[in-house]
Amino acid sequence: MLTVTLFANVVLVSSHSERSIEILNHDATVIDCARYKREANQHKCVITPFTTEGPYFLPDDYERSDITDGYTGVNLNLTLLLTNAKDCSPLSNYYVHIWNANAMGHYSGVKEFNFFDHPTFRPKPINNLRFLRGYQITNEDGLVNFNTIIPGWYFGRCIHIHVEIYDKNTTDGHAVSYIGQLYFNREMPAALKLIDPYSQNNNELTLNDQDIVFALSRGSDTILELIPEGNGYSASYVLSIDPTVKVENSVLPFEDPRNVSFIEH
Ligand SMILES: *[C@@H]1O[C@H](CO)[C@@H](O)[C@H](O)[C@H]1NC(C)=O
Ligand SMILES: *[C@@H]1O[C@H](CO)[C@@H](O)[C@H](O)[C@H]1NC(C)=O
């Protein structure tokens, strides 16, 4: 039986421990679609690594680009390009949800460390706050843009931004096109520690290489490259998916969605 300690200082026992967490070869790297477009006759694309939704997604987030709701931190202007892994063509009219913790390491609207209240899937909202959550619809170029902040840390996880994508206006956890997490350089938390309000975040720090979710989802492939912009940073990332498959969602990282079930449609 597989046991892991995760998110809270508790031991969780998987009911799906028979599932393998083998990483499929075709998921091994993240492609640079712009490069493949430049190099004529190349149509070799690779699917961006998937991971778990985790316990804090709220399906009733708002359609908006600026998700900060006044929560301060290091500004991050995040642009995501969604492409078809078959030919690197942009995917338009997809619903891209992101959510991340605030500088103090808290998510809006949820009771954190909620595994025993909602051990299977998605928490019930505890209030109407939805800071640092939102969705955008990809335009004809496959692009969405968000203004968020670099997230703070919380027990058991390195800093990350969640991404979840649907091909229509639904949040049906059985009809997900992509679920992933975007990461930062290993040194980022130490730099954030020096500035307010992150300096007041006393949660135990977990670095990239200490995080089981990062390891299982090849997190080093989804680290954002930050470019200084204004009083913060901008970052662009190409997400490449197979639009002909749906991912069965999961809450725990060892239920690797790639191995749960792909539903042809
Ligand atoms: C965010 O980045 C996009 C794409 O680079 C740019 O067009 C936009 O002006 C930036 N937004 C802000 C608020 O700086
Ligand atoms: C998507 O559906 C939700 C829930 O029905 C609705 O509130 C929202 O306005 C819809 N968004 C778009 C872009 O149609």
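Relevant structure appears above.
Residues numbered from 1 in each chain as written. Chains lettered and ligands numbered in written order. Predicted model: local features only at pLDDT ≥ 70, side-chain atom pairs only at ≥ 80, totals over all residues. Heavy atoms only, no water.

(A) Fine view of the site of ligand 1. Around ligand 1, the neighbouring residues are Asn77, Thr79, Asn145 and Glu229. A distance of 2.3 Å separates an oxygen atom of ligand 1 from a polar side-chain atom of Asn77. Within the side chain of Glu229, an N or O atom sits 3.0 Å from an oxygen atom of ligand 1. Protein chains shield 37% of the accessible area of ligand 1, which is 360 Å² for the free molecule. Across the shell around ligand 1, the residue classes break down as no nonpolar, 3 polar and 1 charged. (Near = heavy atom within 4 Å. Polar contact = N/O pair within 3.5 Å; in protein donor to acceptor, adjacent residues only side chain to side chain. Areas by Shrake-Rupley, 256 points an atom, 1.4 Å probe, with all protein chains shown as cover. Nonpolar A, V, L, I, M, F, W, Y, C, P; charged D, E, K, R; others polar.)

(B) Geometry of the nonpolar core. Judged by nonpolar contacts, the single largest core of 50 residues is most densely connected at Leu78, Leu80, Ile98, Ile150, Val163 and Leu224. Secondary structure elements with two or more residues in this core: β3 (75-84), β4 (95-99), β6 (143-149), β7 (160-166), β8 (178-183), α2 (188-192) and β10 (232-241). Apart from residues lying up to four places away in sequence, Leu78 is in contact with Ile98, Val144, Asn145, Phe146, Ile161, Leu182, Leu224 and Ala235. (Core = buried A, V, L, I, M, F, W, Y, C linked by side-chain atoms within 4.5 Å. Buried < 20%, exposed > 50% of the residue type's maximum accessible area, 1.4 Å probe, protein only. Helix = DSSP H or I, 4+ residues; strand = E, 2+ residues; numbered from the N terminus. Contact = heavy atoms within 4.5 Å.)

(C) Fine view of the sheet that holds β8. Taken in spatial order, the 4 strands of this open sheet run β5-β4-β7-β8, and their pairing is antiparallel. A single partner strand is all that each edge strand has here, and the edge strands are β5 (133-137) and β8. In this sheet, adjacent strand axes meet at a mean angle of 20° when their direction is disregarded. Inspection of the sheet shows β4 paired to β5 by 5 bridges, in the antiparallel sense. From the neighbouring strand, Trp99 faces β5, where its bridge partner is Arg133. (Pairing = 2+ DSSP bridges. Axes fitted to C-alpha atoms, helices over the stretch in contact; angles between N-to-C directions.)

(D) Seen up close, the pairing of β10. Counting buried residues in β10 gives 8 out of 10 residues, a clear majority hidden from the surface. Looking at chain direction, β3 and β10 are connected through 9 bridges and run parallel. Looking at the pairing, Leu80 lines up with Tyr237 of β10. For strand β9 (residues 227-229) and β10, the ladder comprises 3 bridges, and the chain directions are antiparallel. Across the sheet, the residue bridging to Pro228 is Tyr233, located in β10. Hairpin connection, β9 to β10: the antiparallel pair is bridged by 2 residues, and Gly230 has positive phi, about 55°.

(E) A look at the site of ligand 2. Around ligand 2 sit Glu63, Tyr95, Tyr135, Ile137 and Asn169, and those are all the residues in its vicinity. With respect to ligand 2, the side chain of Tyr135 contributes an N or O atom lying 2.8 Å from a nitrogen atom. Between ligand 2 and Asn169, the relevant distance is 2.4 Å, taken from an oxygen atom to a side-chain nitrogen or oxygen of the residue. About the coverage of ligand 2: the protein hides 34% of its 360 Å² of free accessible area. Across the shell around ligand 2, the residue classes break down as 3 nonpolar, 1 polar and 1 charged.

(F) Spotlight on the pattern of salt bridges. For the coordinates displayed, the defined rule picks out 9 salt bridges. Between Arg122 and Glu53 there is a salt bridge, and its shortest N-O distance comes to 2.9 Å. Taken together, the residues Arg122 in the loop between β4 and β5 and Glu53 in the loop between α1 (33-38) and β3 connect sequence positions 69 residues apart. For Arg122, a relative accessible area of 14% puts it in the buried group. The class of Glu53 is buried, set by a relative accessible area of 0%. Notably, a salt bridge pairs Glu164 with Arg122, separated by 3.2 Å at the nearest N-O pair. Here Arg122 lies in the loop between β4 and β5 and Glu164 lies in strand β7, a separation of 42 residues in the sequence. Neither residue differs from the other here; Glu164 and Arg122 are each classed as buried. One salt-bridge network, held together by shared partners, links Glu53, Arg122 and Glu164. (Salt bridge = Lys/Arg side-chain N within 4 Å of Asp/Glu carboxyl O.)

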